[in-house]
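Observations on the model geometry
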Amino acid sequence: MNKSSAWAKLGLAVLGWFIAALFFFPIFWIAVTAFKSEGDASTASLIFQPTLDAFAQVFTGTDYFLNVRNSIFVAFGSTILCFILAIPSAYRMAFYPTQKTQSLLLWMLSTKMMPAVGVLIPIYFIWQWLHLFDTVIGLVIVNALMNLPIAVWMAYTYFSEVPKGILEAGRIDGATAGQELWHLLRPMTMPGLSSTALLLIILAWNEAFWSLNLTAHDAAPLTAFIASQTGSQGQFLAQLSAASLLAVGPIMVMGWFTQKQLVRGLTFGAVK
Amino acid sequence: MSVQSPPAALTEVPGPIKKIEPAEKWRRLLMAPTVVPLLLWMIVPLALTIYFSFIHYSLESPAGNFGFVGIQNYQFLWSDSRFGTAILNTVIFLVSVLVITVVVGILLAVLYDQDFPGKNVAMLLVIAPFFVMPTVSAQIWHLLLMDPIYGVIGQFLQAIGLQPVDWLQTYPLPSIILIVSWEWIPFSFLILVTAIKSLDAEQKEAAAIDGAGPFTQFRYIVLPHLEKAIGVVVMIEMIFLLSIFAEIFTTTKGGPGDASTTLAYLVYSLGINQFDAGIASAGGILAVVLANIVSFFLVRMLAKNLQQNA
């Protein structure tokens, strides 16, 4: 009995680790290729002389820092804008709900159901008319609007979890609405809201549809830069890998820390 | 609402329900920063897409631009051979990715629900692909893995004496389905493993004591428990997959020919490449209609969920 269950456990571990390795292999492979010389990069060998040449090439030979800067501005800018737009209404709906609150929330969610491709053409023209095309501000706005329903929903659920008595006690002690927000709500909802912010940053960082269609050069974030790299005929593979590794690494670590929020945020609380 | 109701009515109804306190007026304003931008984001582009789809609007042949053409754009799309292919490709793509991600997601959720050494780290590795930006995923597979000469798969095949294959040229749509599945299996896995954890362990033990084998347990306890989560996965993926674009743009550009052109890519290439906003908009409207059918069910389910929690 014991022996067979020990074997079963070993089998389980082997299978679990084998599948994990299979899924992770492509990411492992860019990490390996990033440290190869361009000559080694075109062979699948794992034996090679590690070098940082590819990284040096990325930093000196391309506009990489421009793309990194754009990605950072878009990811953080859109998240901040999103919060500014989302917090007031989430506060209102959580603490002063009306009969309309539920349908308002659902309506906000339903705006997320619009496939981007359905509004691609008008947004493309509107962004050109408003001189937002190929600007960081333009991408910040698009990403903030795309993520706004998620932000409202998450902030709403975190606010709803705050015990109502605490706010009342604060009000009896004479706290103004602003003080109430800053001294009572902020510390209590901080963990939830900061992981929501991480989720929004990840989503904006990885957003590709609008980044590819609404930028040309000046505002191109990393997603667009990577797409523009044509490493055909086995050339520049190390360089592409180095650029990709830097673009993906930090955000993946962030993603690992926000797993739970990710499930909650992307399913709008239907799965917790 | 009740602002205009006569004061007589107010006195008849006891309690503060009908009266609006001054603070409430200010609180209503708090909704504006969310509602106004979302309303604009919803209505303006959609109205324009509908409008464009009924006019002639081409940057290449601007004569007669903005003239009303009725359903000509839709008729043009209908008669364009690329449209039929794109619809077929979209359906094949959607169904394949959904089936693959859900089935593999369920199997992985069951596997990683068990305990084994290093399980948590292994799980992190499995979900990692979801955090890779779509263009990087596309480039990894395109250039580092699937390339017939320089890719790992090709070199592996050659090493064991087989002929390397140019996957994206020979099997364009299946290759893209594979790439997108690799990105989205972690998503369905993450949701399903979260859902499976909430399953009552006692229920499974009770079933085991009653003599239910692992398959019977899976069929009659685990699967019904996951039903709602599976529904959520299918609907959310559907919305995202309808607009999948970067993976195609970075690898095949819809080709060879139109073998990997989906509805989203067709709208892009008609509108942004060929500058025909009218016809592209007609294609966009069809995508919206498709998505609305799906989202109708999703919103209805979430509404039920809200009421249960309230």
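Residues numbered from 1 in each chain as written. Chains lettered and ligands numbered in written order. Predicted model: local features only at pLDDT ≥ 70, side-chain atom pairs only at ≥ 80, totals over all residues.

Some words on the overall build of chain A
Operational definition: Helix and strand definitions follow DSSP, with helices as H or I runs of at least four residues and strands as E runs of at least two, each counted in order from the N terminus. Atoms considered for the radius of gyration are the C-alpha atoms alone. The globule rule reads 2.2 Å times the number of residues to the power 0.38. Any residue surrounded by 20 or more other C-beta atoms within 10 Å of its C-beta is treated as buried, while 12 or fewer makes it exposed and the intermediate range makes it partly exposed; C-beta atoms here are placed from the backbone. Note on contacts: each residue gets a C-beta atom placed from the backbone, and two residues are in contact if those atoms are within 7 Å.
A count of helices and strands for chain A gives 13 helices and 0 strands. Sequence-ordered secondary structure for chain A, helices as α and strands as β, is α-α-α-α-α-α-α-α-α-α-α-α-α. For a compact globule of 272 residues, the expected C-alpha radius of gyration is about 19 Å, and chain A comes in at 23 Å, more than 25% above that figure. With respect to the principal axes defined by its C-alpha atoms, chain A has extents near 70 × 70 × 35 Å. Taken across its 272 residues, chain A has 48% of its residues classed as buried. Of the contacts made within chain A by residues no fewer than 6 positions apart, 79% connect residues no fewer than 24 positions apart.

Focus on helix H12 (residues 237–257) of chain A
Quick note on the threshold: The span you would expect from a helix comes to 1.5 Å times its residue count less one. To get the bend at a residue, fit one axis to the 7 residues ending there and another to the 7 starting there, then take the angle between the axes.
The terminal C-alpha atoms of H12 of chain A lie 30 Å apart, and with 21 residues this matches the ideal 30 Å at 1.5 Å per residue to within 8%. Of all the bends in H12 of chain A, the largest measures some 25° and sits at Val 248 of chain A, one to four residues before the proline Pro 250 of chain A.

Some details on the interface of chain B and chain A
The criterion, for reference: Just so you know the grouping, Ala, Val, Leu, Ile, Met, Phe, Trp, Tyr, Cys and Pro go in nonpolar, Asp, Glu, Lys and Arg go in charged, and all remaining residues, Gly too, go in polar.
Of the residues lining the interface, 80 residues belong to chain B; the matching set on chain A comes to 76 residues. Among the elements that line the side of chain B that touches chain A, the one with the most residues is helix H15 (residues 277–309) of chain B, at 15 residues. Tallied by class, the residues present in the side of chain B that touches chain A amount to 63 nonpolar, 15 polar and 2 charged.

Some thoughts on the nonpolar core
Within soluble globular proteins, side chains that are nonpolar generally end up buried alongside one another. How we decide: Core membership is restricted to buried Ala, Val, Leu, Ile, Met, Phe, Trp, Tyr and Cys residues, and these are joined into a nonpolar core through C-beta atoms within 7 Å. Here the bounds of each domain stem from an automatic or database domain assignment.
Formed by 169 residues in total, the largest nonpolar core has its most connected members in Ala 86, Ala 151 and Ala 155 of chain A together with Ile 191, Leu 192, Ala 264 and Val 267 of chain B. When residues of this core are assigned to domains, at least three map to each of domain 1 (2–53) and domain 2 (63–266) of chain A. With near-sequence residues (within four places) excluded, Ala 86 of chain A lies in contact with Leu 148, Ala 151, Val 152 and Ala 155 of chain A together with Thr 34 of chain B.

A closer look at the confidence of the model for chain A
The cut-off we apply is this: A score between 0 and 100, pLDDT records how confident the predictor is in each residue.
Of the residues in chain A, 97% reach a pLDDT of 70 or more, and the chain-wide mean stands at 85. Confidence scores differ between elements of chain A, with helix H2 (residues 38–41) of chain A showing the lowest mean pLDDT of 76 and helix H4 (residues 64–95) of chain A the highest of 92.

Brief notes about unusual backbone geometry
Positive phi is not limited to glycine here, since Asp 134 of chain A has a value of about 60°. Checked against the element boundaries, Asp 134 of chain A lands in the loop between helix H6 (120–129) and helix H7 (136–160). Using a count of 16 C-beta atoms within 10 Å as the deciding quantity, one classes Asp 134 of chain A as partly exposed. A positive phi is found at Lys 253 of chain B, a non-glycine position, where the angle reads about 55°. Inspection of the secondary structure puts Lys 253 of chain B in the loop between helix H13 (246–251) and helix H14 (263–273). Lys 253 of chain B gets classed as partly exposed once you count the C-beta atoms within 10 Å, which come to 13.

Description of the domain arrangement of chain A
Residues and elements named next belong to chain A. For chain A, the domain assignment lists domain 1 (2–53) and domain 2 (63–266). The distance between the C-alpha centroids of domain 1 and domain 2 comes to 33 Å. Contact with domain 1, which involves 9 residues of that partner, is made by 8 residues of domain 2. Listed by contribution, the elements that provide at least two residues to the side of domain 1 that touches domain 2 are helix H1 (2–34) and H2. At 4 residues, the largest contribution of residues to the side of domain 1 that touches domain 2 is made by H1. Partitioning the side of domain 1 that touches domain 2 into residue classes produces 4 nonpolar, 3 polar and 2 charged.

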